[in-house]
Each structure stands twice: as C-alpha cells, then as structure tokens.
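# Coordinates in review
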Amino acid sequence: MTSSYLELVCPAGTPAALRAAITAGADTVYCGFRDCTNARNYPGLNFDRKEMIEGVAYAHARGRQVLVAINTFPRAGDEEPWHRAVDAAAEAGADAVILADIGVLDYATRHHPKLRRHLSVQASAANPMSIMFYRDNFDIKRVVLPRVLSIEDVAALIEQTGIETEVFAFGSVGPMSEGRCFLSSYMTGISPTSEGACAPASHVVYKEDGGCMKSYLGNVALNEFAKDEPAAYPTPCKGRYVTHDRASYLFEEPIGLNAIDILPQLKAAGVTALKIEGRQRSRAYVAQVVGTFRKALDDLAGGAVSVAANDLKSVAEGGHETFGAYKTGWR
Amino acid sequence: MRIVPAPLLQRMIDLLMRRMRHSHPSLFSNLALLDSAVICVKPSDLPHQFVLRFGQGPTSLSLAKPQNPVSDACIKGKLEALLNLLEGRIDSDMLFFSRDIEITGDTAVIVGLRNTLDREEINLLDDITAMSGPFGGPARKMVSILNNAAQRINQRLANIYEESHPPSADWQNVQHERDELRNEVQALKTRLAKFETRQKRTEAAAQ
C-alpha cells in the first residue's frame, strides 16, 4: 500500500512491532539491527539478520516497504560493523538504508549502488547546501529533516533541492541537534552517535523517596517528580535543573511533537513522507499512533479538509503536544 | 488471588510457566540471551510479590520469600497494568509517564525485559485455557476477571489525561504566551544591560 496523500513511515523496534505497524496501516516501516549501528541500541530491541530477512519478506508480501536505519557513526578504525550492516540490509532486500556518516554513505554507494540511500536526521542536514552535498556525492534520494524547520522553511528547502523529504509527524522534541549532541556523552562517557543510545539504560537509575521519584543519569540527578506528577524520559535534555534557586526545564520541557493537525500544510509544502518516531516504544504505541495517522491520511486523501480530533495525548511524552518548529520556527 | 494460599499459587505459576515454555519457546530463548538478572515484581494490590529470574539460564517465576536474594530491579504497579504489559496491550512508557508503574534499580534489566516481552505476542487467557488439571478452571476464571479489569485501565488512563491536561489548542496557546513572555523578558534583559553599560560610561566620564 502506498498512500496517495503522504507516505506513512513507521517505527518497528521488534518483529512484533513491524507486524503491528503494517496491520495498523504503515506504508513503510523502518528498523535497525541488534547492535551499535543504529541510533536505538537498547537491550532486547531490534532485529537480527534472520528477523530482518523475515520482516522484509512479511512487508513485501503485503505491498509495504522496509527501510533499515544504519545511522550511527563508526568508531575510528572500527568501520566493519557498519559495513556488515549495509551488506546485511542489501541481502535482506531492504527498500532503502537510512545513513548518516559520510564514510558509510561512501561504502554503500560503492558496494551497493542499486540500494536506495536516505539521509538520516542524525546527519543534521537542515540547509540546501548540506543536502545538495549529500545528494551530489552520494546520490541520496531522500532526506529526513531535523525538527528545527518551519513549514515555510521546509517548502523553500524542497524547492531549492528538488529532493524527497521525510519529516517527523509524531515523536519527541529536544534540542534537535541529532548527531551532534554531547549531553549524554558528557554524563555517561558513552557516545549516542557511535554507540546508538542516548541516556543508555545501564546508566539510568530511578529512586523512590517518600512518594517522590528521582531520576539519575550516571551521577547526575536529572529530575524529581512529585507524587502523581507526570514523569519524563531520563534524557539530559529533559532534565529539570536548579539555577538561581529554581528548578526548571532549561533545554526542553517534556512534551511530544504531533503534526496531525497540520498534515494539509505539510502536503502543500511538498513533503513526501511522514515519520512516526518510537522504535524504542512498545507495539501497543505503534498500533495506536500508526492507526490514528492512517485514518487521518485516508480521510484527507478522501477529500476531508481537516482531520478529526486525535487521541494521542496520552502516549505523548508528558501528556502534552506541540507543533514544534513547524508553526513558529526554531528558537 | 488475594485468598489463594501461597503453595497453591506457586503450583499454578509453575503450571503456567510450563505451558508458556511450550507455547512461546522464542520468548524463553530471547530471555536467555539477556544478562542474568533477578527482578522483583510487586503488584500493589496483591499481598504477594514475585521473583523473576532470567538470562544465561532457565527462566523462573516464583513467589518472593524473605530469604530471597536482593533483586537487581523492581517493578511495581497494579496487577491489571502488569498483565497488560505482559500481553503488550498497553504502552509501558505511557504507564511510566502517568506513574501507574514504578521501576527502581537497574534500569537496563527492566528495559531488556520489557523489550523482550514486547517481541512476543502473548495471550495469557489462551495459555491458561490450554492448561489442564485441577488449576485450569480457577485460573481461567481469575484471568477472565482480570481481563475485564484490564479493559478499564485504558479508559481510566485516558480519563486521567483528559482531566489533568488542557485541550491541545489551549496548551498551544499557553506555549505561545510562554514564548511571548520569554521574548519580552529577553528584550527587557537586553535593555537593562544597555542601560547598565550606559550608566557605567556616564559614571566613568564623571570621574
């Protein structure tokens, strides 16, 4: 199934989530291997080679596509895992690979020229010069845009580059400097960009203290939630830090991005595909979010001028939603 | 389950685990891939606590006893929430955001377990229905009651969010107002800095 309106690109952290996404109406599913070559390298998550082959076959049998995220950055002198991952994605019959590192892009271009290449958001390519560099040197067919652009910015960028764009429609909001953020590295000594895990679970600790919950990353206290106060992810950018005797969210508040109410504007801007974030989320989340967006896209494709009220607030971080930079631009 | 004596409950658990090993072999092989861990499961509305062992050996679930070793991590929540998580019917992050589940200890252990369980499509009622013997009947009745309760938890969570959070449009208005206030504060700070600079220059000139 390929949407006549906007392609719906959905997350799958496990084979069960892949099946859930396809059942819920995903046009395309993206997933990663069970190692450090993708940016969601968490315990128990992702696909081994056999599962990837089976997942691609399952999707193709239903007319859907599978993209493989190989979007972390190789450690110096240790490129082999990334090269093997590109080879394995090609062997599995993936429809495209989502890459960020120029060395991995070069490898894929030279060794698998027929394998379609998408530029990951981890490359943080948010301006025409950057995107055209990747397009001209590595023949990328699509760019996943960072969440720092307004709809007008997106439209102008599409006009200037003439390349397919995929934008985030549902997920998180943070400093949005993917591939260049060192906050988690600073606190844990583990690089999200080469190890594939921001705020790795091995360094996260929760403590109960008289009804309050405290979260820590390494030795750094990130947050303290009063009894019944909604909790946030234990990532450094969502920490509530004390400055001038006052605790506040210095980087970003716990809030979720939801663009479901501005899909016509994104379509009018020339966007090709919508990305749902959440490979580390459960298949229940995948089914709920994908199903909601599928219905919205089908309604719009059928001539509706707007989508019905959605019920995704409960799965959004902090229970709150925002249009992010789409309406107001980035700070 | 409140009135089920501990030995009887342990026997039911053993039978269910045996059944699940048969019906979900990949779940147990995936659990064996994880690092060895002991997790304490605390249903907040039951008098019992459970100890789950997995990784690098046989997986086991047993009733907690005083002499049990210290666990690597604990997960606490209402039984309905825990069963919904087991069956993948509810998003664990949503339960975490809403504080309906609490986790303490080694988070990597909990994340590994959560992701491994989520790989498997488990229907506890099917597994219990397939159980035979004297415990099959009571267990089926118990799960049926829990299933009904499980339906309610999703609705309750949705209601909680509706009540505790303003509608999206209102929230976006609040955001807009917040952004305007930030801009205003920034502008005032800039004016203040300029004023202070000018004042210093004036004072310096007077000296």
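What this report covers is the structure whose coordinates are included nearby. Keep in mind the model is a prediction, meaning the values are calculated, not measured.

## Quick word on the overall build of chain B
Tallying secondary structure elements over chain B gives eight helices and five strands in all. From first element to last, N terminus to C terminus, chain B shows the α and β order α-α-β-β-β-β-α-α-β-α-α-α-α. By element, 56% of the accessible surface of chain B is carried by carbon and sulfur atoms, the whole surface being about 11,600 Å².

## Here we look at the environment of A:L145
Residues and elements named next belong to chain A. By the element assignment, L145 lies in the loop between β6 (142–144) and α6 (151–161). When the C-alpha atoms of L145 and L119 are compared, they prove to be 8.7 Å apart, with 26 residues separating the residues in sequence. Ignoring sequence-local partners within four residues, the contact set of L145 consists of V121, A125, I131, V154, L157, T165, E166, V167 and F168.

## Some remarks on the sheet that holds strand β8 (residues 204–209) of chain A
Spatially, the eight strands line up as an open sheet ordered β10(A)-β9(A)-β8(A)-β5(B)-β4(B)-β1(B)-β2(B)-β3(B), and their pairing is mixed. Lying at the two open borders of the sheet, with one neighbouring strand each, are β10 (220–225) of chain A together with β3 (60–63) of chain B. Sheet twist, expressed as the average angle between the axes of neighbouring strands with direction ignored, equals 25°. Sheet topology places strand β9 (residues 212–217) of chain A next to β10(A); five bridges connect them, and they run antiparallel. Residue pairing across strands places A:S215 opposite A:N223, the latter belonging to β10(A).

## A word on the side chain of A:E277
Residue and element names in this part refer to chain A. Along the polypeptide, E277 turns up in the loop between β14 (273–276) and α10 (283–301). A polar contact is formed between the side chain of E277 and the side chain of R40, at a distance of 3.3 Å. Among the polar contacts listed, one links the side chain of E277 to the backbone nitrogen of S172, at a separation of 2.7 Å. Sequence-distant contacts of E277, that is, excluding residues within four places in its chain, are made with P11, Y30, R40, R147, F168, F170, G171, S172 and Y285.

## Observations regarding helix α5 (residues 107–118) of chain B
All names here are of chain B. Over its twelve residues, α5 runs 16 Å from end to end, which matches the ideal 16 Å to within 8%, given 1.5 Å per residue. For α5, the buried fraction is high: twelve of the twelve residues fall into the buried class. Listing the buried residues of α5 in full gives T107, A108, V109, I110, V111, G112, L113, R114, N115, T116, L117 and D118.

## Concerning the pattern of salt bridges
Residue and element names in this part refer to chain A. As enumerated under the stated definition, the model contains 27 salt bridges over all chains in all. The shortest N-O distance in the salt bridge between E54 and K50 comes to 2.9 Å. Here E54 pairs with K50, and both are found in helix α2 (residues 49–61), just four residues apart, close to one helical turn. E54 sits in the partly exposed class, given a relative accessible area of 42%. The exposure class of K50 is exposed, given its relative accessible area of 57%. Between E195 and R75 there is a salt bridge, with the nearest N and O atoms lying 3.1 Å from each other. Placement of E195 in helix α8 (residues 192–195) and of R75 in the loop between β3 (65–70) and α3 (80–92) is noted, with a sequence separation of 120 residues between them. For R75, a relative accessible area of 27% translates into the label partly exposed. Through salt bridges with shared partners, a single ionic network connects E7, R116, R142, E164, E166 and K275.

## Regarding the packing of helix α1 (residues 15–24) of chain A against α10(A)
Residues and elements named next belong to chain A. At a minimum axis distance of 8 Å, the contact between α1 and α10 shows a crossing angle of 20°. Relative to α10, the element α1 is oriented roughly parallel. The handedness of the crossing between α1 and α10 is right-handed. Together, A16, A17, A20, A21 and A24 of α1 and R283, V286, A287, V290, G291 and R294 of α10 make up the contact between the two elements. Looking at the contact of α1 with α10 residue by residue, the class counts come to eight nonpolar, one polar and two charged.

## Description of the packing of aromatic side chains
Residue and element names in this part refer to chain A. Counted by the stated rule, this structure contains nine aromatic pairs over all chains. For the ring pair Y241 and F251, a centre distance of 6.2 Å and an interplane angle of 90° mean the geometry is edge-to-face. With Y241 in strand β11 (residues 240–243) and F251 in the loop between β12 (246–249) and β13 (256–258), this pair connects stretches of sequence that are ten residues apart. Note on F251: relative accessible area 36%, which makes it partly exposed. The ring of F168 has R147 lying over it, and the distance from NZ or CZ to the ring centre is 3.7 Å.

## Re unusual backbone geometry
Residue and element names in this part refer to chain A. Its identity is not glycine, yet N46 carries a phi of approximately 85°, on the positive side. Mapped onto the elements of the fold, N46 is located in the loop between β2 (28–31) and α2. N46 sits in the buried class, given a relative accessible area of 0%. You will see that H244, though not glycine, has its phi angle at about 50°, which is positive. Relative to the elements of secondary structure, H244 occurs in the loop between β11 and β12.

## Points about the nonpolar core
Note on soluble globular proteins: their nonpolar side chains tend to be buried together. All names here are of chain A. The biggest cluster of nonpolar side chains holds 141 residues, and the ones touching the most others in it are L266, L274 and F293. Residues within four places of F293 in sequence aside, it is in contact with L8, A169, F170, N258, I260, L263, L274, I276 and L312. One finds L67, A69, I98 and A273 within the second-largest nonpolar core, a separate group that totals seven residues.

Conventions adopted
- Residues numbered from 1 in each chain as written.
- Chains lettered and ligands numbered in written order.
- Predicted model: local features only at pLDDT ≥ 70, side-chain atom pairs only at ≥ 80, totals over all residues.
- Heavy atoms only, no water.
- Helix = DSSP H or I, 4+ residues; strand = E, 2+ residues; numbered from the N terminus.
- Areas by Shrake-Rupley, 256 points an atom, 1.4 Å probe, with all protein chains shown as cover.
- Contact = heavy atoms within 4.5 Å.
- Pairing = 2+ DSSP bridges.
- Axes fitted to C-alpha atoms, helices over the stretch in contact; angles between N-to-C directions.
- Polar contact = N/O pair within 3.5 Å; in protein donor to acceptor, adjacent residues only side chain to side chain.
- Expected span 1.5 Å × (residues − 1).
- Buried < 20%, exposed > 50% of the residue type's maximum accessible area, 1.4 Å probe, protein only.
- Salt bridge = Lys/Arg side-chain N within 4 Å of Asp/Glu carboxyl O.
- Parallel < 35°, antiparallel > 145°, perpendicular 65-115°, else oblique.
- Left-handed = near helix turned anticlockwise from the far one by under 90°.
- Nonpolar A, V, L, I, M, F, W, Y, C, P; charged D, E, K, R; others polar.
- Phe/Tyr/Trp six-rings, centres within 6.5 Å; stacked < 30°, edge-to-face > 60°.
- Lys NZ or Arg CZ within 6 Å of the ring centre and 35° of its normal.
- Core = buried A, V, L, I, M, F, W, Y, C linked by side-chain atoms within 4.5 Å.

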